[in-house]
Amino acid sequence: MLMEKGNGGRGVALLLGFLAFFALAFGGEDEGVSVWPMPKSESHGSQTLSLSKDFKLTTRGSNYPDGSGLLKEAFWRMVDVVQVNHIVDGRVPSSMVLAGLNVAISSADDVLNFGVDESYKLDVPAVGGLIYANVEAQTVYGALHALETFSQLCHFNFDERIVELHSAPWSIFDEPRFPYRGLLIDTSRHYLPLPVMKVVIDSMTYSKLNVLHWHIVDEQSFPLEIPSFPRLWFGSYSYSERYTVANALEIVQGVGYPDLWPSSDCNQPLDVSKEFTFEVIEGILSGKIHFLVDIIVSVFYALSMKDFSKIFNFKFVHLGGDEVNTSKFEHLLLLLTGLDTADSCWSDTPHVKEWLNKHGMTESDGYKYFVLRAQKIAISHGYEVINWEETFDNFGKQLSPETVVHNWLGDGVAEKVVAMGLRCIVSNQDKWYLDHLDATWEGFYMNEPLTNITIPEQQKRVIGGEVCMWGEQIDASDIEQTIWPRAAAAAERLWTPIEKLASDPTLVTGRLAQFRCLLNQRGIAAAPLAGPGRAPPVGPGSCLKQ
């Protein structure tokens, strides 16, 4: 390929610079440990095992009945991932053969709620004829994490055409640093087809992210069928850009129900003066409408998109509350639908203004009333309530003491939130907003949720963090490479003990590069590390050096 005149020398220099950078980075860690995120503790040897062509799952000593087939399905998906779509037709040696994986789970319960025990122990011995790796976990969800870790220990041998496990024996104990490790996806700005959403969920499990925050409702679109309110999905972009109830997708954003609006010319914020507005919120949160305002979905390996019970047993609901100017009421959040560009609809709509005056409220008072009433409705139905940090800034002392404050604007908020006794999720936009294409993976890796929080009891109130993929400038064509590998950098920050995290991100570049290549091999379009956002490769070369 010809190189454009005038840029050739610079392009070669850039490429050489990147190669030199990666060469230095590869020497930063133990080359035997290529797992991402880094486990809490591990030890390993130097021997190579060959996986049997008849690699088996056994459950000796397990109390988990697996009536739903969750574990079995995850095991076979893991085997498929390990083989990376290669034909395994080589001759397996007669010794040092890994015959299968025994999984022993203590709990018979597979109810999935926030705070479920995700710990596991993985041992891979290197002695004997037919060798079995062993997983011990308190719950099936810890076992699913163990399967992902095991898959990353395995490699396809192209010469022998068999699957091998390197650096045995292995002994790994692992558990997450934070219980909430989230990814926000915003499908209101661009419709995302069902297969794309499934790929995103699968890719989250590879880095042990466990919470999908689906930002459903905004002014741009409402593509979901809701039988109780059939006009809502008239707000979809087009007739074909919709989801039926049968799709089991909580992917919506809303305009399209005029009785919720102050007037026909003024559809935001929602009409605080009408009880119907709160009846809709009540209907959504009570289950009469089967999709929440913003769904928080717990995600694990082998979680089916059609598994309603696991989705709706997860009790977080995000009630929004961001980008509110309480002095002028510009940009007032539409709490039900998450709108962030509202004008002064309430003051310009006679019956709403009359209602505010009747109740002795300013527009700011109306905003607070809306937030607090929505909180009460959600809590009455057993939900854990999350609000963006502006609600804390404006009337933090009046929020429910069970509120989780979602920090996004910047530094210093989390420490104030936990000092007041509330819980916090960190998503500061300068570091963990994926739509900020100038935000580098190094910044994602080094963003510490517990900055300036030193009291242990207050540290526990930071339940985790979330990287945010707002949808204004992404669609099905580029969502994967915009998320990955930067989200993986944050995932290690949220999973791995702080003492095992690198103080210099260049020390993990080689391992993250391997993980990015692993994602590519698994069909995930993860972008190169060498560049901001979803940057393309700078030139020809190995995936490991990009």
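Residues numbered from 1 in each chain as written. Predicted model: local features only at pLDDT ≥ 70, side-chain atom pairs only at ≥ 80, totals over all residues. Heavy atoms only, no water.

In the annotation of an unreviewed UniProt entry, the protein chain is listed under the name Beta-hexosaminidase and assigned to Zingiber officinale. UniProt, in its Sequence similarities (unreviewed entry) section for the protein chain, records the words "Belongs to the glycosyl hydrolase 20 family." (UniProt positions renumbered as here; feature names shortened; annotations may be inferred.)

Chemist: What should I look at first to understand the nonpolar core in this one?
Modeler: In globular proteins that are soluble, nonpolar side chains generally tend to be buried together. By size, the foremost hydrophobic cluster in this structure holds 66 residues, and its most contacted members are Leu183, Ile185, Ile479, Ile483 and Trp484. One finds Leu51, Ala74, Leu98 and Val124 within the second-largest nonpolar core, a separate group that totals 44 residues. (Core = buried A, V, L, I, M, F, W, Y, C linked by side-chain atoms within 4.5 Å. Buried < 20%, exposed > 50% of the residue type's maximum accessible area, 1.4 Å probe, protein only.)

Chemist: How do you make sense of helix α2 (residues 70-83) when you look at a structure like this?
Modeler: In an α-helix, one full turn covers 3.6 residues, which means residues spaced three or four apart are oriented alike. Helix length check: α2 (14 residues) gives 20 Å between terminal C-alpha atoms against 20 Å at 1.5 Å per residue, within 8%. Of all the residues in α2, the buried ones are Leu70, Leu71, Ala74, Phe75, Met78, Val79, Val81 and Val82. In an axial view of α2, the angular spread of the buried residues amounts to 165°, which keeps them on one side of the axis. Among the residues trailing α2, Val84 stands out with phi positive, at a value near 50°. (Helix = DSSP H or I, 4+ residues; strand = E, 2+ residues; numbered from the N terminus. Expected span 1.5 Å × (residues − 1). Arc of directions from axis to C-beta.)

Chemist: What am I meant to see in the packing of aromatic side chains here?
Modeler: Between two aromatic rings, the relevant description is the distance of the centres plus the angle of the planes. Under the counting rule described, the total for this entry stands at 13 aromatic pairs. For the ring pair Phe55 and Phe75, a centre distance of 5.9 Å and an interplane angle of 15° mean the geometry is stacked. With a gap of 20 residues between them, Phe55 in strand β1 (residues 41-58) and Phe75 in helix α2 connect regions that are remote in the sequence. Consider the rings of Tyr367 and Phe395, whose centres lie 5.4 Å apart with planes at 70°: the pair is edge-to-face. In this pair, Tyr367 sits in helix α9 (residues 363-380) while Phe395 sits in helix α10 (residues 389-395), placing the two residues 28 residues apart along the sequence. This pair shows no difference in class: Tyr367 is buried, exactly as Phe395 is. Put simply, the rings of Phe55, Phe75, Trp76 and Phe150 pair up and form one aromatic cluster. (Phe/Tyr/Trp six-rings, centres within 6.5 Å; stacked < 30°, edge-to-face > 60°.)

Chemist: Please clarify how unusual backbone geometry should be interpreted in this entry.
Modeler: It is generally the case that most residues other than glycine have a negative phi and that most peptide bonds are trans. The residue after Trp36, namely Pro37, is reached through a cis peptide bond having omega -5°. If you trace the backbone, Pro37 turns up in the loop between α1 (8-25) and β1. Geometrically, the link from Trp484 to Pro485 is a cis peptide bond, its omega value of 10° lying close to zero. Relative to the helices and strands, Pro485 resides in the loop between α15 (479-483) and α16 (486-495). Positive phi, normally seen in glycine, also occurs at Asp66, with a value near 55°. Turning to its location among the elements, Asp66 is positioned in the loop between β1 and α2. You can call Asp66 buried: its relative accessible area is 17%.

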